[in-house]
Amino acid sequence: QAGRFQEARDALLEARRLSPRDGAMAGMLGAMTFREGRAAEALTWLDEAARLSPRDPAPHYNRGLALEQMGRPSAALASYRIADRRNPRDPDTAYQLGKLLVKSGAAQDAVPVLERAVRLRPRDHRPWQMLGLALVEAGRPQEGFDAYARARALGLDTAGLHNNIGIACRLLGRREEALAAF
């Protein structure tokens, strides 16, 4: 498998050498480098891809992933926002942006972003769970509970989800359900 990855990287580097103004090649190299666990190096490729293909949301999305991994949430938020503006129909961007907004303490701002993520990909439990968290943190525990229930109906059954359901139930004054969830 590693040999194939290196072959793909070598082919991309050769294509990049032949077409140095191709932002897509730089973007693919950045994404590949990020997947190899080299976020800082990936950022160099992704910055170049964004410069060469200014309308392409992909380099900004991947920049957000790299910056988040590097512990730079403010810069990651800025990159996700650019990607989201350029392609508001991408459920992955909406999910990552919403998730980071929640982590950053901006649950209220995350709610509409995550609502869009669940509309775009209604069968994915991840945005439903994150929407539940955002809603509970935004002071809307019943709606949060409903989002958690949807995540559970989609097959999510983790300790974290049960804990979140318990918190929502406790906030709703449903003590017995909260205890059962915990």
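Just so it is clear, the structure is predicted and the values come from calculations on it, not from any experiment.

J.: Explain the overall build of the protein chain to me, and be specific about the residues and the numbers.
T.: In terms of regular secondary structure, the protein chain is built from 11 helices and zero strands. Going residue by residue from the N terminus, the α and β elements of the protein chain occur as α-α-α-α-α-α-α-α-α-α-α. For the protein chain, with 182 residues in total, the buried portion stands at 47%. Once local pairs closer than 6 in sequence are excluded, the contacts in the protein chain between residues at least 24 apart make up 44%. A total accessible area of about 9600 Å² is found for the protein chain, and carbon and sulfur atoms account for 52% of it.

J.: Would you mind going over the packing of aromatic side chains in detail, with residue names and values included?
T.: By the definition in use, this model includes one aromatic pair. An angle of 50° between the planes, with centres 6.1 Å apart, marks the rings of Tyr61 and Tyr80 as tilted. Linking Tyr61 in helix α4 (residues 58-69) with Tyr80 in helix α5 (residues 73-86), this pair joins segments that are 19 residues apart in sequence. An identical accessibility class is assigned to Tyr61 and Tyr80; each is buried. For Arg126, the ring lying beneath its charged end belongs to Tyr95, and the centroid distance is 4.6 Å. The cationic tip of Arg174 hangs over the ring face of Phe145; the distance from NZ or CZ to the ring centre is 4.5 Å.

J.: Can you tell me about the packing of helix α6 (residues 91-103) against helix α8 (residues 125-137), naming the residues and giving the values?
T.: In the contact formed by α6 and α8, the axes pass within 10 Å of each other and the chain directions differ by 30°. Of the two possible hands of crossing, α6 and α8 adopt the one that is left-handed. Mapping the contact onto sequence places Asp92, Tyr95, Lys99 and Val102 in α6 and Arg126, Pro127, Met130, Leu133, Ala134 and Glu137 in α8. Residue composition of the contact of α6 with α8, by class: six nonpolar, no polar and four charged.

J.: Describe the environment of Leu12, naming the residues involved and giving the relevant values.
T.: Here Leu12 lies in helix α1 (residues 2-18). Residue class for Leu12 comes out buried when judged on its relative accessible area of 13%. Between the C-alpha atoms of Leu12 and Gly155, which are 143 residues apart in sequence, the distance is 38 Å. If sequence neighbours within four positions are ignored, Leu12 has contacts with Met25, Met28, Leu29 and Met32.

J.: If you had to explain α5 to someone new, which residues and values would you point to?
T.: Under the 1.5 Å per step criterion, the end-to-end length of α5 is 20 Å for 14 residues, consistent within 8% with the ideal 20 Å. All of the buried residues in α5 are Ala76, Leu77, Ser79, Tyr80, Ala83 and Asp84. All buried residues of α5 lie within an arc of 165° about the axis, which places them on one face of the element. Those residues of α5 that are exposed and angled more than 90 degrees off the buried face are Ser74 and Arg85. Looking at the buried side of α5, the elements it contacts are α4, α6 and α7 (107-120).

J.: Just give me the short version of the side chain of Ser79, but keep the residues and values in it.
T.: Examined against the element boundaries, Ser79 turns out to sit in helix α5. Look past the residues within four positions of Ser79 in its chain and what remains in contact with it is His60, Arg63, Gly64 and Leu67.

J.: So, the environment of Arg152: which residues are in play, and what are the values?
T.: For Arg152, the location among the structural elements is in helix α9 (residues 141-153). Given the relative accessible area of 42%, Arg152 is considered partly exposed. When the C-alpha positions of Arg152 and His125 are compared, they lie 7.4 Å apart, and in sequence the two are 27 residues distant. Here Arg152 is in contact with Asp157, Leu161, His162 and Ile165, once residues within four sequence places are set aside.

J.: Lay out the nonpolar core with the relevant residues and their values.
T.: Tyr80, Leu101, Leu114, Leu131 and Ile165 are the most contacted members of the largest nonpolar core, which totals 43 residues. Contact partners of Leu114, with chain neighbours within four places excluded, come to Ala94, Tyr95, Gly98, Lys99, Val102, Met130, Leu131 and Ala134.

What counts, and where the lines are drawn
Residues numbered from 1 in each chain as written. Predicted model: local features only at pLDDT ≥ 70, side-chain atom pairs only at ≥ 80, totals over all residues. Heavy atoms only, no water. Helix = DSSP H or I, 4+ residues; strand = E, 2+ residues; numbered from the N terminus. Buried < 20%, exposed > 50% of the residue type's maximum accessible area, 1.4 Å probe, protein only. Contact = heavy atoms within 4.5 Å. Areas by Shrake-Rupley, 256 points an atom, 1.4 Å probe, with all protein chains shown as cover. Phe/Tyr/Trp six-rings, centres within 6.5 Å; stacked < 30°, edge-to-face > 60°. Lys NZ or Arg CZ within 6 Å of the ring centre and 35° of its normal. Axes fitted to C-alpha atoms, helices over the stretch in contact; angles between N-to-C directions. Left-handed = near helix turned anticlockwise from the far one by under 90°. Nonpolar A, V, L, I, M, F, W, Y, C, P; charged D, E, K, R; others polar. Expected span 1.5 Å × (residues − 1). Arc of directions from axis to C-beta. Core = buried A, V, L, I, M, F, W, Y, C linked by side-chain atoms within 4.5 Å.

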